[in-house]
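# A structural walkthrough
So you can see what is in the structure, the chains are spelled out below.
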Amino acid sequence: MDRIPILKLGDALLVTIQVDMHDRLAMALEEDLTAKIAATHARGVLIDISALEIVDSFIGRMLDNIAAVSRVLDAETVVVGMRPAVAITLVELGLSLAGVKTALNVERGMTLIEDRIHADAVDRGDLDDRPDE
Amino acid sequence: MLTRSIGEISMTVLTSNTIEIRSGDDVVRVRQEVRSRAVESGFSLVDQTKIVTAASEIARNTLDYGEGGTLLIERLEEVGRRGVRLTFEDQGPGISDIERALTDGYTSGGGLGLGLGGAKRLANEFHIQSQPGKGTRVTIIRWK
Ligand SMILES: Nc1ncnc2c1ncn2[C@@H]1O[C@H](COP(=O)(O)OP(=O)(O)O)[C@@H](O)[C@H]1O
Ligand SMILES: [Mg+2]
């Protein structure tokens, strides 16, 4: 069975969805991601959906599920690269993706995750939060 | 029930084709076919995305709840406008309470409960007919 590759990118995991997802593939991705977050102690998950021509409630539920499970494992999910036409359609469909952060592209998504890791370190007192400059 | 809606006298059906919905792969094919027909009808990218998303929702319902069925895709022309009509039909268990099924958040199968309500919002016209024990027919039209 096909599986969607999961890459490690710094403290985060990167998933690029390139194919039209069907049920089994979505379920396999949820399982693989959960295992990989646990194994790598990743603090963030970036899901690149720039190749997706539509997001329906099936994919929406998958993204919500991944975000919920990741959160329990102390990793934050950022969905990146959503096409404008998809974003417009999602609103009308009624999908809020409330538990999911979004960013324009992988780079900005990575910044969101790094900011969070930094803020946590400050909270623990490992770092002070004065800017370097 | 399952009678065709009337009042379409001045409407021309330019092309029509039927797709069987029996598996998840068929749902993928539905999305591709609906996209192609929308492009042929001159739909903008946003309008294409809306009708393909609505089609994906209803096709999945046909498969998951209706025990599979068919989709009839028609390209329409009326005075001054073009559109795509999608008619999904199944001989599954039907829907006893259509109002409830259309309510956002209602699901009998662990979904998000947004498919029917969402498809209605994404279409310009939406009709649903269903009879418990006989089946369900959902028709949507999106005009360019
Ligand atoms: N073709 C169908 N046959 C029987 N029941 C259906 C059909 N389509 C929808 N339903 C019922 O309507 C409910 C709502 O559908 P929908 O809005 O798509 O939400 P979801 O698919 O997430 O459950 C379904 O849970 C199901 O009970
Ligand atoms: Mg549905």
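Look above for the structure.
Residue positions are given per chain, counting from 1 as you read along its sequence in written order. Chain labels run from A onward and ligand labels from 1 onward, assigned in the order the entries are written. Only residues with pLDDT of 70 or above have their local features reported here, since the model is predicted, and side-chain atom pairs are shown and tallied only from 80 upward, although totals for entire chains, interfaces and linings are computed over all residues. Excluding hydrogens and water, the side-chain values take into account all heavy atoms of the structure.

### Some details on the site of ligand 1
All names here are of chain B. Our working rule: Working definition: residue near molecule or strand if any one of its non-hydrogen atoms lies within 4 Å of it. Between N or O atoms, a polar contact is any pair within 3.5 Å; within protein, one atom must be a potential hydrogen donor and the other a potential acceptor, and residues adjacent in sequence are included only when both atoms are from side chains. Polar here means any residue other than Ala, Val, Leu, Ile, Met, Phe, Trp, Tyr, Cys and Pro, which are nonpolar, and Asp, Glu, Lys and Arg, which are charged; Gly is therefore polar.
In the region of ligand 1, 17 residues are neighbours, and Asn 61, Tyr 65, Thr 107, Ser 108 and Gly 113 sit closest. A distance of 2.8 Å separates an oxygen atom of ligand 1 from a polar atom in the side chain of Asn 61. Gly 115 is positioned with one of its backbone polar atoms (N or O) 3.1 Å from an oxygen atom of ligand 1. Split into classes, the residues belonging to the shell around ligand 1 amount to seven nonpolar, nine polar and one charged.

### Quick look at the pairing of strand β1 (residues 6-9) of chain A
All names here are of chain A. What counts here: At least two bridges found by DSSP between two strands is the condition for calling them paired. The helix and strand labels rest on DSSP assignments: H or I over at least four residues marks a helix, E over at least two residues marks a strand, and numbering proceeds from the N terminus.
Bridging between β1 and strand β2 (residues 12-16) involves four bridges; their strand directions are antiparallel. Paired with Lys 8 across the bridge in β2 is Leu 13. A loop of two residues connects β1 with β2, the two strands running antiparallel in sequence, and Gly 10 in this loop sits at a positive phi of about 60°.

### A few points about the packing of helix α1 (residues 23-40) of chain A against helix α2 (residues 57-72) of chain A
Axes are the key here: two packed helices are described by the angle between their axes and the distance separating the axes. Residues and elements named next belong to chain A. Keep this limit in mind: For helices, the fitted line uses only the C-alpha atoms of the stretch in contact; every axis is such a line through C-alpha atoms, and the angle between N-to-C directions lies from 0 to 180 degrees. For classification purposes, an angle smaller than 35 degrees is called roughly parallel, one larger than 145 roughly antiparallel, one from 65 to 115 roughly perpendicular, and anything else oblique. Crossings are sorted by hand: turned counterclockwise from the far helix by less than a right angle, the near helix makes the crossing left-handed, and turned clockwise it makes it right-handed. When checking whether two residues touch, look at their non-hydrogen atoms; a contact exists if any pair is within 4.5 Å.
For the pair α1 and α2, interaxial distance at closest approach is 10 Å and the crossing angle is 15°. Accordingly, the angle class assigned to the pair α1 and α2 is roughly parallel. When the axes of α1 and α2 are compared, the crossing they make is right-handed. Taken together, the residues of α2 that come into contact with α1 (itself represented by Asp 23, Ala 26, Leu 29, Glu 30, Leu 33, Thr 34 and Ile 37) are Phe 58, Met 62, Asn 65, Ile 66, Val 69 and Ser 70. Taken together, the residues of the contact of α1 with α2 break down into eight nonpolar, three polar and two charged.

### Focus on the packing of aromatic side chains
Going by this rule: Stacked, edge-to-face and tilted are the three classes for Phe, Tyr and Trp ring pairs, Trp counted by its six-membered ring, which pair at centre distances within 6.5 Å; planes under 30 degrees apart are stacked, over 60 edge-to-face, the rest tilted. Charge over a ring is defined by NZ of Lys or CZ of Arg lying within 6 Å of the ring centre and within 35 degrees of the ring normal.
Applying the stated criterion to the full structure yields zero aromatic pairs over all chains. The ring of Phe58(A) has Arg60(B) lying over it, and the distance from NZ or CZ to the ring centre is 4.0 Å. The residue whose ring lies beneath Arg81(B) is Trp143(B), and the NZ or CZ to ring-centre distance is 3.9 Å.

Any link to function would need more than the numbers given here.
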